[in-house]
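This is what each chain is made of:
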Amino acid sequence: MRIVLLGAPGSGKGTQSQRLVQRFGIPQVSTGDLLRSAVARGTPLGLAAKDAMQAGKLVEDSIVLGMIRERMGDADTANGFILDGFPRNLAQAAALDVLLGQVGKPLTAVVLMEVDYAELTRRIAGRRSCQTCGSVYNIYTMPLGAQPRCQNCADHPLLYQRPDDNEETVVQRLRVYEEQTRPLVNYYRRKGLLRVINAQGEVDAITQLLVDALAARPEKARSKAAKKVAKKAAKKSAKKSGKKSTKKSPSKAAKKSARKAARKPAKKQSRKTADKSPVKRRRLAKPARRTVAKKPPRKATKRAGTRRRTRR
Ligand SMILES: [Zn+2]
């Protein structure tokens, strides 16, 4: 079982990865953890990553891939792994395929966890945590009043919202996902690795869907199947309209209705399967702006900084 879980931020990949770890006894290989660990241990790749981070740059793919390669050498990945946080774009996916092929551990399944965007926003923007005990709450699923406080700590400290969990940032994160990561859905579908589950609902129920999906056969490459259906429909309608129309040149009419017919099944299928990007993009265009008021402090510190500098 060599698995990649695909899904937007907030789709529950982390939670479900943990479940799969327990269930199948395979490790979760998180590129975030690999990076932190390599930096902490001061390995050559860790030092390279540290340089990039200190310069305020993104860590290059080659460094992350190098860390994955090292990790694949560990004995606990013999029976499989769940890759977390990687790949996030097509270039990374292609490079990963090459690497895993080289080490003889190609992916066996990719599961897309689908959650609609309104729900994702609610999940992320409603997240509040306790700074004392680390408990995470959601103000939408567990109403705690206007000033939510931790229920686990004796002194009930006020909960706080992580800075990148506000609605404005969430919209931005979802947009990046849509543009960069979403294309991986078709990439893996074409490779015959993709499974799709509806990841909305109870955590246990979703775990079961996930386990079932891993046991099931992957989705067929859509392009081939759709083409076949479209071809059949086109043939049929071409025959029909060819008999009916006498005024127009038959070939023209036939072509038109064939095109129409060809469009129909393709549409139906795309609604059923994963890709709903046009709808989502429309939703993304209207960001919710409830937490905008929280921003000013940043500006203020910046201004203070420049003032100090000019004084010196
Ligand atoms: Zn607490």
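Before reading further, recall that the structure is shown in the block above.
From a predicted model like this one, the values you see are computed outputs, not experimental measurements. (Residues numbered from 1 in each chain as written. Predicted model: local features only at pLDDT ≥ 70, side-chain atom pairs only at ≥ 80, totals over all residues. Heavy atoms only, no water.)

## With respect to the overall build of the protein
Looking only at helices and strands, one finds 13 helices and seven strands in the protein. Counting only residues that meet the buried cut, the protein has 39% of its 312 residues in that class. Considering only contacts within the protein whose residues lie at least 6 apart along the sequence, 70% involve residues at least 24 apart. Of the roughly 19400 Å² of accessible surface on the protein, a fraction of 54% belongs to carbon and sulfur atoms. (Helix = DSSP H or I, 4+ residues; strand = E, 2+ residues; numbered from the N terminus. Buried < 20%, exposed > 50% of the residue type's maximum accessible area, 1.4 Å probe, protein only. Contact = heavy atoms within 4.5 Å. Areas by Shrake-Rupley, 256 points an atom, 1.4 Å probe, with all protein chains shown as cover.)

## Brief notes about the coordination of the zinc ion
Coordination of the zinc ion by the protein comes from Cys130 (SG), Cys133 (SG), Cys150 (SG) and Cys153 (SG), over a distance range of 2.2 to 2.3 Å. Considering all four donor atoms around the zinc ion, angles at the metal cover 104 to 117° and the coordination shape is tetrahedral. Going along the chain, you hit the donors of the zinc ion in the pattern C-x2-C-x16-C-x2-C. Residue Cys130 is found in the loop between β5 (127–129) and β6 (136–138), and its partner Cys153 is found in the loop between β6 and α7 (167–181); the two are separated by 23 residues along the sequence. Here Cys130 and Cys153 have matching classes, each one buried. (Donors = N, O, S within 2.8 Å, 3.2 Å for Na, K, Ca; no water. Tetrahedral: all angles 85-135°; square planar, octahedral: opposite > 155°, others 65-115°.)

## Structural notes on helix α5 (residues 90–102)
In an α-helix, one turn spans 3.6 residues, which is why side chains three or four residues apart end up on the same side. With 13 residues, α5 ought to run about 18 Å at 1.5 Å a step, and its terminal C-alpha atoms sit 19 Å apart, in line with that. Taken together, the buried positions of α5 are occupied by Gln92, Ala93, Leu96, Leu99 and Leu100. The arc enclosing the buried residues of α5, seen along the axis, measures out at 125°, which places them on a common side. Relative to its buried face, α5 has exposed residues pointing more than 90 degrees away, namely Ala91 and Gln102. Turning to α5, the residues buried within the fold contact α4 (61–72), β3 (81–84) and α8 (183–190). Between a side-chain oxygen at the N-terminus of α5 and the backbone nitrogen of Ala91 the separation is 3.2 Å; the capping residue is Asn89. Among the residues trailing α5, Gly104 stands out with phi positive, at a value near 70°. (Expected span 1.5 Å × (residues − 1). Arc of directions from axis to C-beta. Polar contact = N/O pair within 3.5 Å; in protein donor to acceptor, adjacent residues only side chain to side chain.)

## Notes on the packing of helix α1 (residues 13–24) against helix α9 (residues 203–215)
Interhelical geometry of α1 versus α9 gives an angle of 60° and a closest axis separation of 10 Å. By crossing handedness, the relation of α1 to α9 is classed as right-handed. Contacts from Thr15, Gln16, Arg19, Leu20, Arg23 and Phe24 in α1 reach Val203, Asp204, Ile206, Thr207, Gln208, Leu210, Val211 and Leu214 in α9. In terms of residue class, the contact of α1 with α9 is made up of seven nonpolar, four polar and three charged. (Axes fitted to C-alpha atoms, helices over the stretch in contact; angles between N-to-C directions. Left-handed = near helix turned anticlockwise from the far one by under 90°. Nonpolar A, V, L, I, M, F, W, Y, C, P; charged D, E, K, R; others polar.)

## Some words on the pattern of salt bridges
Under the defined criterion, the tally for this structure stands at eight salt bridges. Its salt-bridge partner being Arg36, residue Asp33 comes within 3.0 Å of it at the nearest N-O pair. Of this pair, Asp33 and Arg36 both sit in helix α2 (residues 31–41), separated by three residues, roughly a single helical turn. Taking the relative accessible area as the measure of exposure, Asp33 reaches 45% and is therefore partly exposed. Across the pair Lys191 and Asp97 runs a salt bridge whose closest N-O atoms are separated by 3.2 Å. Placement of the pair is Lys191 in the loop between α8 and β7 (194–198) and Asp97 in helix α5, with a sequence separation of 94 residues. Three or more residues joined by partner-sharing salt bridges are found here, namely Arg71, Asp74 and Asp76. (Salt bridge = Lys/Arg side-chain N within 4 Å of Asp/Glu carboxyl O.)

## What about the nonpolar core?
Counting 55 residues, the largest nonpolar core has Leu107 and Tyr188 as its most contacted members. Ranked by residues supplied to this core, first place goes to α4 with six residues. Non-local contacts of Leu107, meaning those with residues more than four positions away in its chain, are made with Arg2, Ile3, Val4, Phe81, Leu96, Leu100, Tyr188 and Leu193. Tyr137, Cys150, Cys153 and Leu159 belong to the second largest nonpolar core, which has six residues in total. (Core = buried A, V, L, I, M, F, W, Y, C linked by side-chain atoms within 4.5 Å.)

## Some words on the environment of Ile82
For Ile82, the position within the fold is in strand β3. For Ile82, a relative accessible area of 0% puts it in the buried group. Put simply, Ile82 and Gln28 are 54 residues apart on the chain and 4.7 Å apart in space, counted from C-alpha to C-alpha. Dropping the residues within four chain positions of it, Ile82 is found in contact with Ile3, Leu5, Ser17, Leu20, Val21, Ile26, Pro27, Gln28 and Val29.

## Description of the sheet that holds β7
Strand order in this open sheet of five strands is β2-β3-β1-β4-β7, and the pairing throughout is parallel. Both outer strands of the open sheet, β2 (28–30) and β7, are each paired with one neighbouring strand and no more. Strand-to-strand, the axes of this sheet are offset by a mean angle of 25°, without reference to chain direction. Sheet topology note: the strand β4 (residues 109–114)/β7 ladder contains five bridges and is parallel. Bridged to Val110 within β7 is Leu194. (Pairing = 2+ DSSP bridges.)

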